[in-house]
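# Examination of the molecular architecture
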Amino acid sequence: MDADSLLLSLELASGSGQGLSPDRRASLLTSLMLVKRDYRYDRVLFWGRILGLVADYYIAQGLSEDQLAPRKTLYSLNCTEWSLLPPATEEMVAQSSVVKGRFMGDPSYEYEHTELQKVNEGEKVFEEEIVIDKAVAIIPRGALFKTPFGPTHVNRTFEGLSLSEAKKLSSYFHFREPVELKNKTLLEKADLDPSLDFMDSLEHDIPKGSWSIQMERGNALVVLRSLLWPGLTFYHAPRTKHYGYIYVGTGEKNMDLPFML
Amino acid sequence: MEDSTSPKQEKENQEKLGEARRSWEGKTAASPQYSEPESSEPLEAKQGPETGRQSGSSRPWSPQSRARTPLGGPAGPETSSPAPLSRREPSSTPSPPAPARQDLAAPPQSHRTTSVIPEAGTPYPDPLEQSSDKRESVPLHTSQSERNTFQQSQQPKLHLCGPRDVSYNNAKQKELRFDVFQEADSNSDCDLQLPAPGDSEGAPSMLETAIQNAKAYLLKTSSKSGFNLYDHLSNMLTKILNERPENAVDIFENISQDVKMAHFSKKFDALHNENEMLPTYEIAEKQKALFLQGHLEGVDQELEDEIAENALPNVMESAFYFEQAGVGLGTDETYRIFLALKQLTDTHPIQRCRFWGKILGLEMNYIVAEVEFREGEDEEEVEEEDVAEERDNGESEADEDEEDELPKSFYKAPQAIPKEESRTGANKYVYFVCNEPGRPWVKLPPVIPAQIVIARKIKKFFTGRLDAPVISYPPFPGNESNYLRAQIARISAGTHVSPLGFYQFGEEEGEEEEEVEGGQNSFEENPDFEGIQVIDLVESLSNWVHHVQHILSQGRCNWFNSIQKNEEEEEEGEEEDEEKEEPDYIEQEVGPPLLTPISEDLEIQNIPPWTTRLSSNLIPQYAIAVLQSNLWPGAYAFSNGKKFENFYIGWGHKYSPDNYTPPVPPPVYQEYPSGPEITEMDDPSVEEEQAFRAAQEAVLLAAENEESEEDEDEEDDYD
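The structure contained in this document is the topic of the report that follows. Not measured: the values here are computed from a predicted model. The written sequence of each chain sets the order in which its residues are numbered from 1. As they are written, the chains are lettered A onward and the ligands numbered 1 onward, keeping that order. Local features are withheld for residues below a pLDDT of 70 in this predicted model, meaning they are given only at 70 or higher, and side-chain atom pairs are given and counted only at 80 or more; totals for whole chains, interfaces and linings count all residues. With hydrogens and water excluded, all non-hydrogen atoms of the structure serve as input to the side-chain values.

The subject of this paragraph is the overall build of chain A. A helix here means a DSSP run of H or I that spans at least four residues, while a strand means a run of E at least two residues long, and both kinds are numbered starting from the N terminus. On a plain count of helices and strands, chain A comes out with seven helices and 14 strands. Throughout this description, buried means an accessible area under 20% of the type-specific maximum (1.4 Å probe, protein chains only), exposed means over 50%, and partly exposed covers the range between. Across the 261 residues in chain A, those meeting the buried criterion constitute 55%. Excluding contacts between residues fewer than 6 apart, the proportion of contacts in chain A whose partners are at least 24 apart in sequence is 54%. For chain A, the exposed area adds up to about 11300 Å²; of that, 57% sits on carbon and sulfur atoms. Contact definition: two residues touch when any of their heavy atoms are within 4.5 Å. What sets the accessible areas is the Shrake-Rupley method with a 1.4 Å probe; for residues, cover comes only from the shown protein chains.

Another point: unusual backbone geometry. In this model, Tyr473(B) is joined to Pro474(B) through a cis peptide bond whose omega is 0°. Looking at the element boundaries, Pro474(B) is found in the loop between helix 16 (449-455) and helix 17 (480-495). In this structure, Arg40(A) takes a positive phi of about 60° despite not being glycine. Mapped onto the elements, Arg40(A) comes out in the loop between helix 2 (22-39) and strand 1 (43-50). Unusually for a residue other than glycine, Arg239(A) sits at a positive phi of about 65°. Its location among the elements puts Arg239(A) in the loop between strand 13 (232-236) and strand 14 (243-249). Accessibility expressed as a relative area gives 44% for Arg239(A), which makes it partly exposed.

So, about the packing of helix 9 (residues 229-243) of chain B against helix 10 (residues 252-263) of chain B. All names here are of chain B. Interaxial angle, 0 to 180 degrees, is taken between N-to-C directions of lines fitted to C-alpha atoms, where a helix line uses only the stretch in contact. For the pair helix 9 and helix 10, interaxial distance at closest approach is 10 Å and the crossing angle is 110°. As summarised for this structure, helix 9 and helix 10 are arranged roughly perpendicular, according to the angle between their axes. Crossing angle aside, the handedness with which helix 9 passes helix 10 is right-handed. Across the interface between the two elements, His 232, Asn 235, Met 236, Lys 239 and Ile 240 from helix 9 touch Phe 252, Ile 255, Ser 256, Asp 258, Val 259, Lys 260 and His 263 from helix 10. For this classification, the nonpolar set comprises Ala, Val, Leu, Ile, Met, Phe, Trp, Tyr, Cys and Pro, the charged set comprises Asp, Glu, Lys and Arg, and every other residue, Gly included, is treated as polar. Residue composition of the contact of helix 9 with helix 10, grouped by class: five nonpolar, four polar and three charged. Just so you know how the angles are binned, under 35 degrees is roughly parallel, over 145 roughly antiparallel, 65 to 115 roughly perpendicular, and the rest oblique. Left-handed is the label given to a crossing in which the near helix is rotated counterclockwise from the far helix by less than a right angle, and right-handed is the label when the rotation is clockwise.

What follows is about the interface of chain B and chain A. The partner chain A presents 48 residues to the 49 residues of chain B that form the contact. Once two parts are joined, some of their accessible surface, as seen by a 1.4 Å probe, is lost; buried area is that loss totalled over both. Both sides together, the interface formed by chain B and chain A hides about 3900 Å², and carbon and sulfur atoms give 46% of it. Throughout this description, the term salt bridge denotes a Lys or Arg side-chain nitrogen within 4 Å of a carboxyl oxygen of Asp or Glu. Linking chain B to chain A there are three salt bridges. Close ionic contact of Asp256(A) with Lys459(B) constitutes a salt bridge, the shortest N to O distance being 2.7 Å. Counting of polar contacts relies on pairs of N or O atoms within 3.5 Å, with two restrictions inside protein: one atom must be capable of donating a hydrogen and the other of accepting it, and residues adjacent in sequence are counted only when both atoms are side-chain atoms. Joining chain B to chain A, the criterion identifies 20 residue pairs in polar contact (both at pLDDT 80 or more).

When we look at a pair of aromatic rings, we describe it by the centre distance and by the angle of the planes. Two rings from Phe, Tyr or Trp (for Trp, the six-membered ring) form a pair when their centres sit within 6.5 Å of each other. Planes less than 30 degrees apart are called stacked, planes more than 60 degrees apart edge-to-face, and all others tilted. All chains considered together, the criterion is met by 22 aromatic pairs over all chains. For the ring pair Phe502(B) and Phe644(B), a centre distance of 4.8 Å and an interplane angle of 80° mean the geometry is edge-to-face. Remark: Phe644(B) occurs in strand 12 (residues 644-650) and Phe502(B) occurs in the loop between strand 5 (497-499) and strand 6 (503-505); sequence separation between them is 142 residues. One exposure class covers both Phe502(B) and Phe644(B), and it is buried. For a ring to carry a charge above it, either NZ of a lysine or CZ of an arginine must fall within 6 Å of the ring centroid while also lying within 35 degrees of the normal to the ring plane. Geometry around Phe175(A) places Arg71(A) over its ring, the cationic atom sitting 4.1 Å from the centre.

Residue and element names in this part refer to chain A. Spatially, 4-3-2-1-14-13-12-11 is the arrangement adopted by the eight strands of the open sheet, whose pairing is mixed. Each of the sheet's edge strands pairs with one partner strand only, and the pair in question is strand 4 (83-84) and strand 11 (211-216). Bridge count between strand 11 and strand 12 (residues 221-226): six bridges; the pairing is antiparallel. Across the sheet, residue Gln 214 finds its bridge partner in strand 12, namely Val 223. Along the sheet face, helix 2 touches strand 1, strand 2 (57-63), strand 3 (72-76) and strand 4 and points at about 135° away from the line of strand 1. Against the sheet, helix 4 (residues 121-136) engages strand 1, strand 2, strand 3, strand 11, strand 12, strand 13 and strand 14, with an angle of about 60° to strand 2. DSSP calls a pair of strands paired once it identifies at least 2 bridges connecting them.

Attention now goes to the pattern of salt bridges. Residue and element names in this part refer to chain B. Tallied over the full model, the rule gives 19 salt bridges over all chains. A salt bridge links Arg 465 to Glu 363; the nearest nitrogen and oxygen atoms lie 3.2 Å apart. Taken together, the positions of Arg 465 in the loop between helix 16 and helix 17 and Glu 363 in the loop between strand 1 (350-359) and strand 2 (366-373) put the pair 102 residues apart, joining distant regions of the chain. A relative accessible area of 42% means that Glu 363 is categorised as partly exposed.

Residues and elements named next belong to chain B. In the contact formed by helix 13 (residues 315-324) and helix 14 (residues 331-347), the axes pass within 9 Å of each other and the chain directions differ by 150°. Comparing the axis directions of helix 13 and helix 14 gives the class roughly antiparallel. Considering only the axes of helix 13 and helix 14, their crossing is right-handed. Contacts between helix 13 and helix 14 involve Val 315, Met 316 and Ala 319 from the first element and Thr 331, Thr 334, Tyr 335, Phe 338 and Leu 341 from the second. When grouped by side-chain class, the residues that make up the contact of helix 13 with helix 14 number six nonpolar, two polar and no charged.

With that settled, consider helix 10 of chain B. All names here are of chain B. In this model, helix 10 (twelve residues) spans 17 Å end to end at C-alpha, consistent with the 16 Å of a helix rising 1.5 Å per residue. Along helix 10, the residues classified as buried are Asn 254, Ile 255, Ser 256 and Val 259. In this structure, the buried side of helix 10 is in contact with helix 9. Here a helix's expected span is defined as the number of its residues, less one, multiplied by 1.5 Å.

Take a look at the structure:
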């Protein structure tokens, strides 16, 4: 969620129950402002909170002008001091996916795994966050548009989805470089608007049914929750510009999803 | 001016806009109006040659002047704006505001116009017409020698344009634009063209023609949409100039789309709109009813009664504390839930009520309230046991009705363990759920042990509809409302904790060692509870105790010995066999007794079952202790030393570090005693059949012989 509209966003996303305590909220408001200034980001998003056994990680992302460029990730333990998470290499990604279980809450904690070397928790947090972000960060259709020169911009004339559109999964896109777009048939591509439809939509996510769409407050708010990564909540108030997502969870994938549906 | 008009027009457009910005910086829409009349001029000028010339009279000028008046009006105070355009001079006299837009008669102005025209580039004494005249004159200057012709041509054009202008405001804008290109052009080229009066005769006509062609092209109506580019551009530019967005060029296409969409102004379609917003209004109405319920009978006495017997918990207070921990539903939503709970307590005879939590579902969510009815006012419970039992024993009974007596199966279903009585064990509280505050509360049926046992083996998402079937293996005996109730029971048993000492056991009744069924069942609040330091609560888990009975693996809290009942029932023949196969004595299941500290809880693979935190590290003196369950993610408890509360918000599933594996189906059971009746045999071969038949016949013969002998004997006897 955008750091500029943090309070409203937290209020709208409160349906999932997990939010932020007042002191964290207050410190976030000030510290994210400073982060934006110091790192010169165009937009700062509060990504969410990963619950650890001892302490929680608060994660924020900084975006540059081009909205689809790789985002910088920052983490903090107390919402006041933010540090950049180091980018991860491929092997580290592979390693950390093997180590399962909850996070401890201490970035210097080393996981031990019989086969592999120790994995630093800080890196693991980062990779987990990247994985979750790639998998489930979403954006409503029309919120970003692509210019012919390449960069993606925030669409200032985005007025929000209409009610009927808001209930469909196809109106939401993954907030990442498209992966499946090329696999679409020509017929499908003909209907796409190249400036708006340049990301993957949620319709074809596997497993099917891994998103739960609900209207709360009687059609005044549409909430999407991911069932594959429980804890991710996306909210959007139809016909308004407010939308955002937040992840509050343990950082673990729900591998039992096919049994649970 | 004699270049091809289309590229020029574009350039002029830009120039116009540029000029517009420059010259009209900070100006409001006065500017467009300002230039409009001028545009009307060249427009008219272009049409001039065609329409023929009429000698000028004040009349034809009037539209122009009318156009100018508003120009003059706003231009009056703003005449400084044309200053950058060298030929203009600010006129300070305010002109009458522009009622004259529609006013076709403005003779004095026309006079001025005419008087102005002959002068090129000279400051005009007439304040009203100064700027506008200058504007007009600027384009006119393009062909100075032809001023007269211009005027003449303009007159009829004015005439033409007049009524058009009146009827169609936008035309002004178009004219504005054209005017501006003229103006821009003439600004730059005027000087050049001044010395060339000789060409002027041919030039304007060619120019005009070109411009006219261009304009006609722009005015061409699109065959698809019925719009034309001219109108569209004029609308867009008006919109841009009115709204002044930043970086308009970047969102130009979007603006274009918006303008097009605006044409499809929705008429108020009652039907269509209603469908979309109906659920919103519905729920709003229901929630409004919530707010109004308090005012239905505003009698003072009632108020006192309410305050006296307060079954309602202080939900807002608990919500406040939970918010400190970062858990909660938002203040408004919590307040609505509060009101819904109040409605619940008003309509049902409730002793105590508590907001248990929220369970998320796929389509809808559940808001759960834990309720204890008043003594003796229990609502009757539907008998559900019979259904379960029938299902188990149905197999063996159905078969017996067949004609042929089929072999009797000696399978006897294990006796269904009866559910616990209400107010005891897992059924201690009654639970009500609703999907959203404002919707009616639905009572959940009491839970039976079989449901809990199977709920432990499956993991399914809730859909949000209470009557949805739960399709799983092992098959769940019930629908979603039963599954929900079972999960609620499990969560309560696993995660409802309180600070040590808050509850104490009631007076101890005589315990019989042999029949201890789960130990103490009852507890009550300790009136002498003095509170525990928050720091202690956070540091040591032994300061918290479970105050809900643990559910045994049987599915009940109090042990039920099924063997004893078996002996008491009438035994069928086969049951004796069965009895021998079972152990004579089933070990009594024992769970941790009530009020055990949670430090005794088992770990989950090296993860402690509870996480404790202080709600705030910054201000520890007012912080509260927060407990988070790792076994049931989403279960929270807080305490500030004296007060405590439990809450659940989540999907309703237990945490397991390993993935869920569905239980394996049991091995095929030997149902029937194998004997000759059901053992399959090979069909006899032909020789065997013949041999068999021969043997049978032989026997028959023998029998007949005997019978005939006997008959004979009998007959003899009767004789």
